[in-house]
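Architecture at a glance
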Amino acid sequence: MNIGIISDTHDNVEAIERATEIFEEEGVEIVIHCGDFVAPLMIGYFDGFELHGVLGNNDGDVANLQSQFDALGGESELHGRFASLEFDGLSVAVLHGESLEEVEAIAAGETYDFVCYGHHHERELSDEGRTTVLNPGAHVLAAEDDRTVAVVDTRTESVRFRSLLE
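These remarks concern the structure in this document. (Residues numbered from 1 in each chain as written. Predicted model: local features only at pLDDT ≥ 70, side-chain atom pairs only at ≥ 80, totals over all residues. Heavy atoms only, no water.)

So, on to the nonpolar core. Grouped together as the largest cluster of nonpolar side chains are 22 residues, with contacts concentrated most on Ile6, Phe23, Val31, Ile43, Leu51 and Val149. Per-element tally for this core: the top contributor is helix 1 (residues 13–25), with five residues. Beyond its immediate chain neighbours, meaning those up to four positions away, Val149 contacts Ile5, Ile6, Ala19, Ile22, Phe23, Pro136, His139, Arg160, Phe161, Arg162 and Leu164. In terms of nonpolar packing, the next biggest core, distinct from the first, is built from 18 residues, Ile5, Ile30, Val54 and Ala83 among them. (Core = buried A, V, L, I, M, F, W, Y, C linked by side-chain atoms within 4.5 Å. Buried < 20%, exposed > 50% of the residue type's maximum accessible area, 1.4 Å probe, protein only. Helix = DSSP H or I, 4+ residues; strand = E, 2+ residues; numbered from the N terminus. Contact = heavy atoms within 4.5 Å.)

Bringing the environment of Asp153 into the picture now. Tracing the chain through its elements places Asp153 in strand 10 (residues 148–153). For the pair Asp153 and Asn2, spaced 151 residues apart in sequence, the C-alpha separation works out to 4.6 Å. Discounting residues that sit within four places of it in the chain, Asp153 has contacts with Met1, Asn2, Ser158 and Arg160. Reaching out from Asp153, the side chain makes a polar contact with the backbone nitrogen of Arg155 at a distance of 2.8 Å. From its side chain, Asp153 meets the backbone nitrogen of Thr156 in a polar contact 3.3 Å long. (Polar contact = N/O pair within 3.5 Å; in protein donor to acceptor, adjacent residues only side chain to side chain.)

We now examine the sheet that holds strand 11 (residues 158–163). Overall, mixed pairing links the six strands, which are arranged 4-3-2-1-10-11 in an open sheet. Looking at which strands have only one partner, the edges of the open sheet turn out to be strand 4 (77–78) and strand 11. Of the strand pairs in this sheet, strand 2 (residues 28–33) and strand 3 (residues 50–53) are connected by four bridges, and their pairing is parallel. For Val31, the partnering residue across the bridge sits in strand 3 and is Leu51. (Pairing = 2+ DSSP bridges.)

In this section: the environment of Glu98. Within the secondary structure layout, Glu98 lies in the loop between strand 6 (90–95) and helix 3 (100–108). Once the C-alpha coordinates of Glu98 and Gly118 are considered, the two residues, 20 residues apart in sequence, prove to be 7.8 Å apart. Excluding residues that lie within four positions of it along the chain, Glu98 makes contacts with Gly56, Asn57, Arg81, His119 and His120. Among the polar contacts listed, one links the side chain of Glu98 to the side chain of Arg81, at a separation of 2.7 Å.

Below you can see the structure in the form of structure tokens.
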């Protein structure tokens, strides 16, 4: 299975539309959003995917974000500030990641196969013991190289970055 990872969309409709096109091309069924959707109306652009999201520091309208997740139906869920998920036997921690120390501490615990975070608008792919730390990039205030999404293949546990500018 392919899982799409995205973060910090900050109401950028063009970026969300391009990201969902990439996810469709990659055969993604599940999307994980690491926070900072900003406007609740952004959730509707992920229709057709099972969406799992966490709240970022710019996600203030939690009640309306929740109602938009509810409208997606199925297994889609807004998890609050932290999510502990499992897909195809892979465990995934998801947080917005304002504190890099918190991200590092979760990874160092080696409880999860992946720790996914956003906030810093720079993509990252690194290993901490058995845990892969992943920041998919951002879509505002990011360098061109960081205007990316990530696709995780659960079978091979590999990660590919795709640029929204291609």
